[in-house]
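For reference, the chains in residue letters:
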Amino acid sequence: MKIGFDNEKYLQEQAAEIKSRAAKYGKLYLEFGGKLMNDNHAARCLPGYDPNVKLRLLQSLGDDAELVLCIYAGDIEAKKMRADYGTTYEEETLKLIAAMKEYGISVRGVAITRFDGHPTARAFAKTLEEKGVDVFYHYPIKGYPNDLNTIVSDSGYGRNDYIPTSKPIVVVTGPGPGSGKFATCLTMLYHEVKRGNKAAYAKFETFPVWNLPLMHPVNVAYEAATLELKDENQIDPHHFLAHGEIRVNYNRDVEAYPILREIWERMMGEECPYKSPTDMGVNRIASGIVNDVVVRAASREECQRRYERVKNDFDQGKADMSMLARALTVLAKAD
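Residues numbered from 1 in each chain as written. Predicted model: local features only at pLDDT ≥ 70, side-chain atom pairs only at ≥ 80, totals over all residues. Heavy atoms only, no water.

K.L.:
In this structure, what is going on with the pattern of salt bridges? I would like to understand it.
P.N.:
Note on pairing: side chains with opposite charge can pair once their charged atoms come close. Tallied over the entire structure, the rule returns 21 salt bridges. Between Lys-203 and Asp-253 there is a salt bridge, with the nearest N and O atoms lying 2.9 Å from each other. With Lys-203 in strand S6 (residues 200–204) and Asp-253 in helix H11 (residues 251–268), this pair connects stretches of sequence that are 50 residues apart. Here Lys-203 falls in the buried class, since its relative accessible area comes to 9%. (Salt bridge = Lys/Arg side-chain N within 4 Å of Asp/Glu carboxyl O. Helix = DSSP H or I, 4+ residues; strand = E, 2+ residues; numbered from the N terminus. Buried < 20%, exposed > 50% of the residue type's maximum accessible area, 1.4 Å probe, protein only.)

K.L.:
Help me out: how do you make sense of the environment of Val-53 in this one?
P.N.:
By the element assignment, Val-53 lies in helix H3 (residues 53–61). Distance in space between the C-alpha atoms of Val-53 and Glu-8 is 9.2 Å, their sequence separation being 45 residues. Excluding residues that lie within four positions of it along the chain, Val-53 makes contacts with Asn-7, Tyr-10 and Leu-11. (Contact = heavy atoms within 4.5 Å.)

K.L.:
Teacher, can you tell me more about the sheet that holds strand S3 (residues 106–113) here?
P.N.:
Sheet strands associate in pairs through backbone hydrogen bonding, adopting either a parallel or an antiparallel arrangement. Strand order in the open sheet made by the 7 strands is S4-S3-S2-S5-S1-S6-S9, with parallel pairing throughout. Of all the strands in the sheet, just strand S4 (135–137) and strand S9 (281–282) have a single pairing partner and so form its edges. Of the strand pairs in this sheet, strand S1 (residues 28–32) and S6 are connected by 5 bridges, and their pairing is parallel. Counted as the bridge partner of Phe-32 is Phe-204 from S6. Against the sheet, helix H8 (residues 181–194) makes contact with S1, strand S2 (65–72), S3, strand S5 (169–173) and S6, and its axis sits at roughly 175° relative to S1, the strand it touches most. (Pairing = 2+ DSSP bridges. Axes fitted to C-alpha atoms, helices over the stretch in contact; angles between N-to-C directions.)

K.L.:
Explain the packing of H8 against H11 to me, please; I cannot follow it from the model alone.
P.N.:
The axes of two packed helices give the description: the angle between them and the distance between them. In the contact formed by H8 and H11, the axes pass within 10 Å of each other and the chain directions differ by 15°. In terms of orientation, H8 and H11 fall into the roughly parallel class. The element H8 and its partner H11 pack so that their crossing is right-handed. Across the interface between the two elements, Phe-182, Leu-186, Leu-189, Tyr-190 and Val-193 from H8 touch Leu-260, Ile-263, Trp-264, Met-267 and Met-268 from H11. The residue inventory of the contact of H8 with H11, partitioned by class, reads 10 nonpolar, no polar and no charged. (Parallel < 35°, antiparallel > 145°, perpendicular 65-115°, else oblique. Left-handed = near helix turned anticlockwise from the far one by under 90°. Nonpolar A, V, L, I, M, F, W, Y, C, P; charged D, E, K, R; others polar.)

K.L.:
When you look at the pairing of S5 in this model, what are you seeing that I'm missing?
P.N.:
Along any regular strand, the residues point their side chains to alternate faces of the sheet. Here S5 lies mainly inside the structure; 5 of its 5 residues are buried. Residues of S5 alternate between two faces, with Ile-169, Val-171 and Thr-173 on one and Val-170 and Val-172 on the opposite face, all of them buried. Two elements, S1 and S5, share 4 bridges in a ladder whose sense is parallel. Considered in S5, the bridge of Leu-30 is made with Val-171.

Dropping the structure here:
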């Protein structure tokens, strides 16, 4: 296999940027999206990429970092499964905790998010506590995400449990999408401000890659991997207006940014230092690409693989026409 990606170069630059942000703000709540381990999509698109490079990165941060895991109570109740592994979100949470222990990464606890008395979630919390894992509860917020007066108050973020942490970098992640990572980070910022502490938020990004072209096959392959979420890459309009630079982001972050900015300014009492969702992200993937030709070819193959998977599901009645249409559109973008 021809190598297109240098893990060591990427690790060095990504870790340096994370440490720089933590030093600037004193304490950094770092939202980890995507897969923390076994990131086989990235490995397929970036030949040479270590599927567990993120674990190695956390390991390299040593005593400067600790981990908070989030899991949505409704996903526990529904026994939600990861389509790629065929395991429940509870099982994935336990696997993540075990992997952290193996890599020597400190796990501060698990936040059960949007908890509203779910009995299965309570039972899972008991399982965690029996394993020596601290559990914290975060609750539904009426009017979220639009009622900012309630959200940024003791009836909103203030009602959620505070998670005491001691490291300058707090990594917030979960077993899958919709686990409540973003809200957990902002909850912690609210509590830090109430305690007179200085802290900030950033987002660990892998895809899409902000400093690659919009139609680069790596970025198109991200859309192929998130067909069910209907993610769509786009030029970040907030970044262009603020900096006059063309950067790539995706629809959900672009849409959520104005709310984040407003919440930040209400909590902190100062202007948000991030002028765009791209500014929020920590992403040095492009620095690790050492052979763009190899990476482009591998990413196109990934788009083809994703399309064939959807086409097969469509033929078996497991996917509808809109899903197939999105897959065809992405395949066309990949040329």
